[in-house]
Structures are given as structure tokens and as C-alpha cells.
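These are the residues of each chain, in order.
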Amino acid sequence: MLRSRIIPCLLIQNNGLVKTVNFSNPKYVGDPINAVRIFNEKEVDELVVLDIDASVQRKSPNFTLIAKIAAECRMPLCYGGGVDSLEVAQRLVGLGVEKIALSAAIFKNRTLISSMSKVLGSQSVVCIIDIRKKKSIFSTSYEISTHNGTISYNEELGSLIKDIQALGAGEIIFNSIDQDGCMKGYDLSLVEYVKDFTDIPTTFLGGCGSNQDISKLINMYGTVGAAAGSFFVFKGKYRAVLISYPDSKKKNELVYNNEIGSKNV
């Protein structure tokens, strides 16, 4: 039986761990290997690691760093950044990465989704959709971007979701640019918008600032991935760096109590 997952997301830039706000102004917050070791101790459900510069700078993944992260990681590991071919994806899996995340490649070479799904299995193929709201007084709509929000695409969100599912993606991560790093809660209007389109495991990233935000997401969506960056690396209003994660009792409360009350399970 699938259960909701609470997932730290680490952003990598120049081999260091950083955090952004609205995809801008990356702040160095430490050594990613040390962060992985701490998350091991806290027995996290899963870990997402994203190199935010690899695709922007047209670089391959840093296989040396990823190998070190994978060797330390005692939980399922998802990596994204610079993955533009089946060969790169296979090399990452060979290093111990369980899930490969695609973002820019969704638009550059969408058939990569199906080729990866056939060779690696759909459970290993994750599509990340970076989204910001379009400003309109008439209705809510969404703009899809890649390359840290600098390149936008004129594609309807619902159609994109259906397309990547049909090609064999095993999971979608919806990443809110508007909420990124703000710690004011997930974009629940986005959650409401996409939930009728998704038939595969789904994760939301961007905006989490409390356990209550995780609770609201699970209660609204049902079985879901609740991902966060700032919430798990910052403490207090001055954002002191302190890695945290709900203990087993709190995690069970957040997941189980909300799932049994959800209409979507």
C-alpha cells in the first residue's frame, strides 16, 4: 500500500548545499554530504537532490559528488540536473540513484521519458514541473518554466501532465516558483488544480513552513509526497541553519491521521 512521504529536497550549486527564494538569490547553507548523514539519522522517507546549475550551464551531472551522496544515502535517492540522455540516466542508476528526475529534457526530448521508462522502469522516472501563476483578474492559470524559471513554455498544464503520464513517467513533482523558499504554505490552489489530472504518484514542493502545512497537503490530496527544502534546513525567523525532520511519532501523526480522513486515498 502506498503511503504519503515526507521528503527533504536539497539544492546543489558549485558542489555546495544552497537554498533559494522564488528560484533566486541562492544562499549557501552547508555541505550536502553532511546533510545526507544527518537525514540518515533522522530516517527520512526519501531524499531529492537537484543540481540547479547543471542544465542551465549545459553541464553533465557531477558524477563524483553524486556517487559520494549515493554511498552515504540510506534512503531512496532521487537526483535531477543535467540528465539529457538514457546513457546519463543509466550511469546515475549504476551509482545507486533510485529515481532520475527530468525537467528541461521534458521539453527538449520528451521521448526520453518513454525510453527511460522501458529500460529503467517507470518507477525510476520522475518529471519535475516548475510552475508559476499567471496574473489574471479573470481566472487562475499557470506558466511552466525550466532553467531556474528563466525559460517559459506555452503549454497547458493539464495537457502536459497527461502527456508525460502516457509516455511512462512514474512520478511528477510539482515545484511552485511563487512559493519557493517563502515558508508560507504549499500552493493549495495548484494542488486542487492538478489532482484530477494525475494518475501516478505525485509530490509537491515549494512553500512548506510547518508541520501544519504538510498536514493540510495530505488532507487535501490524499496519498502524496510532501517535499520541502527551507523547512528542513532553517530554524526561526532569522533562518539559522539547523537540519530537522519530524520524528517517527510526529510523522505517523501527519501521515496516518490525514490519510484516513482523505477522500482521495
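Counting starts from 1 at the beginning of each chain's written sequence and moves along it residue by residue. Side-chain atom pairs in this predicted model are given and counted only at pLDDT of 80 or more, local residue features only at pLDDT of at least 70, and totals for whole chains, interfaces and linings cover all residues. The basis for the side-chain values is all heavy atoms of the structure; hydrogens and waters are excluded.

### With respect to the pairing of strand E10 (residues 171–176)
For step 1, the next point in the chain: With a 1.4 Å probe rolled over the protein chains alone, any residue whose accessible area is under 20% of its type maximum counts as buried; one over 50% counts as exposed, and the rest are partly exposed. Put simply, DSSP marks the helices as runs of H or I at least four residues long and the strands as runs of E at least two long, and each gets a number from the N terminus on. The buried fraction of E10 amounts to six of the six residues, a majority that puts the element mostly inside the structure.
For step 2, the next point in the chain: Of the two faces of E10, the one carrying Glu171, Ile173 and Asn175 and the one carrying Ile172, Phe174 and Ser176 are both buried.
For step 3, the next point in the chain: Paired strands are those between which DSSP finds at least two bridges. Taken together, the four bridges between E10 and strand E11 (residues 202–205) define a ladder with parallel strand orientation. Note that in E11 the partner of Ile172 across the bridge is Thr202.
For step 4, the next point in the chain: Place the viewer so that the strands point away; then a crossover is right-handed whenever the path from the first strand over the helix to the second strand goes clockwise. In this fold, the crossover linking E10 to E11 by way of helix H7 (residues 188–194) has right-handed handedness.

### Some points on the packing of aromatic side chains
For step 1, the next point in the chain: Ring geometry is summarised as follows: Phe, Tyr and Trp rings, the Trp one being its six-membered ring, pair when their centres sit within 6.5 Å, and such pairs are stacked at plane angles under 30 degrees, edge-to-face over 60 and tilted between the two. Inspection of the entire model under this criterion finds seven aromatic pairs.
For step 2, the next point in the chain: Relative to Tyr245, the ring of Phe232 lies with its centre 5.4 Å away and its plane at 45°, an arrangement referred to as tilted. Of this pair, Phe232 sits in helix H9 (residues 230–233) while Tyr245 sits in the loop between strand E14 (240–241) and helix H10 (248–259), placing them 13 residues apart in sequence.
For step 3, the next point in the chain: Members of the aromatic cluster, each reached through a chain of ring pairs, are Tyr142, Tyr193 and Phe197.
For step 4, the next point in the chain: Here, a charge over a ring means that NZ of Lys or CZ of Arg falls within 6 Å of the ring centre while also lying within 35 degrees of the ring normal. Between the NZ or CZ atom of Arg91 and the centre of the ring of Phe63, over which it lies, the distance is 3.7 Å.

### As for the environment of Gln90
For step 1, the next point in the chain: For Gln90, the location among the structural elements is in helix H3 (residues 86–95).
For step 2, the next point in the chain: Looking at Gln90, the relative accessible area reads 36%, which means it is partly exposed.
For step 3, the next point in the chain: Remark: the alpha-carbon pair of Gln90 and Phe232, spanning 142 residues in sequence, is separated by 30 Å.
For step 4, the next point in the chain: Residue contacts are counted whenever heavy atoms from the two residues lie within 4.5 Å of one another. In contact with Gln90, not counting residues within four places along its chain, are Val119 and Leu120.

### Examining the state of the cysteines
Two cysteines form a disulfide when their sulfur atoms are joined by a covalent bond.
For step 1, the next point in the chain: A pair of sulfur atoms, both from cysteines and within 2.5 Å, is called a disulfide here. Under the counting rule described, the total for this entry stands at zero disulfides.
For step 2, the next point in the chain: Free cysteine Cys78: the closest other cysteine sulfur is in Cys9, separated by 8.4 Å.
For step 3, the next point in the chain: Judged by its relative accessible area of 1%, Cys78 is buried.
For step 4, the next point in the chain: Its sulfur unpaired, Cys127 is 10 Å from the next cysteine sulfur, which belongs to Cys78.

### Section: the pairing of E11
For step 1, the next point in the chain: In E11, alternate side chains face the same way, and those of Thr202 and Phe204 on one face and Thr203 and Leu205 on the other are all buried.
For step 2, the next point in the chain: Here E11 runs beside strand E12 (residues 225–228); their pairing, made up of three bridges, is parallel. Across the sheet, the residue bridging to Phe204 is Ala226, located in E12.
For step 3, the next point in the chain: Handedness of the E11-helix H8 (residues 211–221)-E12 crossover: right-handed.

### Focus: H8
For step 1, the next point in the chain: All buried positions along H8 are accounted for by Asp213, Ile214, Ser215, Leu217, Ile218, Met220 and Tyr221.
For step 2, the next point in the chain: Looking one or two residues past H8, Gly222 carries a phi angle of roughly 100°, positive in sign.

### Things to note about the packing of H3 against helix H5 (residues 111–120)
For step 1, the next point in the chain: Lines are fitted to the C-alpha atoms to define the axes, a helix being fitted only along its stretch in contact, and any angle between axes, read from their N-to-C directions, falls within 0 to 180 degrees. It is at 10 Å that the axes of H3 and H5 come closest, and there the two elements cross at 40°. Our classification of the angle between H3 and H5 gives oblique. Note that H3 runs across H5; the crossing there is right-handed. Across the interface between the two elements, Leu86, Ala89, Gln90 and Val93 from H3 touch Leu112, Ser115, Met116, Val119 and Leu120 from H5.
For step 2, the next point in the chain: Looking at side-chain class alone, the contact of H3 with H5 contains seven nonpolar, two polar and no charged residues. Here the angle decides the label: under 35 degrees means roughly parallel, over 145 means roughly antiparallel, 65 to 115 means roughly perpendicular, and every other value means oblique. Note on convention: near helix rotated counterclockwise from far helix by under a right angle means a left-handed crossing. Clockwise means right-handed. Side-chain classes follow a simple rule in which Ala, Val, Leu, Ile, Met, Phe, Trp, Tyr, Cys and Pro form the nonpolar group, Asp, Glu, Lys and Arg form the charged group, and the remainder, Gly included, forms the polar group.

Scope: geometric values only; no functional claims are made or implied.
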